[in-house]
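Close look at the chain arrangement
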Amino acid sequence: MADIHRQTDRRLERAILELLERRGPTATICPSDAARAVYEGDDDGWRALMEPARRAARRLVTAGEVEITQAGRPVEPAQARGPIRIRRTR
């Protein structure tokens, strides 16, 4: 079971980076974009991947790959409450 979670975590991290790569250098994505990209069904089961997508974004912040923003400004992942956006580190 832990292996499946690790695979999903890696897929979410890759999805975040790939989605950002396809957009302009200052563009942002929502964690739901990554959750939808990884989810393989046609229903709203992607919602169960929202928190794992947020965790994937936090890991990518730690790795220096992305930053999490709120109201257009970078925020510390631990301080983020409510909706967040993800963008490449500038």
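Anyway, here's the lowdown on the structure attached to this text. Residue numbers run consecutively from 1 along every chain, following the written order of its sequence. Local features in this predicted model are restricted to residues of pLDDT 70 or higher, and side-chain atom pairs are both shown and tallied only at a pLDDT of 80 or more, whereas totals for entire chains, interfaces and linings draw on every residue. Side-chain calculation: all heavy atoms of the structure are included, whereas hydrogens and water are not.

**Description of helix H2 (residues 31–38)**
- Burial classification: accessible surface area is computed with a 1.4 Å probe over protein chains only, and a residue below 20% of its type maximum counts as buried, one above 50% as exposed, and the rest as partly exposed. Each helix is a run of DSSP H or I of at least 4 residues and each strand a run of E of at least 2, with the numbering of both proceeding from the N terminus. Of all the residues in H2, the buried ones are Pro31, Ser32, Ala34, Ala35 and Val38. Along the axis of H2, the buried positions cluster into a sector of 160 degrees, meaning they face one direction only.
- By definition, residues are in contact when any of their heavy atoms lie within 4.5 Å. Elements in contact with the buried residues of H2: helix H1 (2–22), strand S1 (28–29), helix H3 (50–62) and strand S4 (85–88). What the arc covers is the set of directions going from the helix axis to the C-beta atoms.

**Regarding the sheet that holds S4**
- Spatially, S1-S4-S2-S3 is the arrangement adopted by the four strands of the open sheet, whose pairing is antiparallel. The sheet is open, and its two borders are formed by S1 and strand S3 (73–75), each paired with just one other strand.
- By the bridge criterion, two bridges tie S1 to S4 in an arrangement that is antiparallel. Within S4, the position partnered with isoleucine 29 by the bridge is isoleucine 86. We treat two strands as partners when DSSP finds at least two bridges between them.

**Section: the nonpolar core**
- The nonpolar core is taken to be a set of buried Ala, Val, Leu, Ile, Met, Phe, Trp, Tyr and Cys residues, with the residues joined through side-chain atoms within 4.5 Å. Membership of the largest hydrophobic core comes to 20 residues, with the highest contact counts inside it found for Leu12, Ile16, Leu20, Ile29, Ala34, Val66 and Ile86.
- Every element with two or more residues in this core is listed here: H1, H2, H3 and strand S2 (66–70).
- Of the residues forming this core, the biggest block, five residues, is contributed by H1.
- Leaving out residues up to four positions away in the same chain, leucine 12 has contacts with Ala34, Ala35, Val38, Leu49, Pro52, Ala53 and Ala56.

**Regarding the side chain of glutamine 70**
- Residue position: glutamine 70 is located in strand S2.
- Contacts described as polar in this section are N or O atom pairs within 3.5 Å, which, within protein, must combine one atom able to donate a hydrogen with one able to accept it, while residues neighboring in sequence count only if both atoms come from side chains. There is a polar contact of 2.6 Å between the side chain of glutamine 70 and the backbone oxygen of arginine 81.

By themselves, these are just geometric observations and shouldn't be taken as functional.
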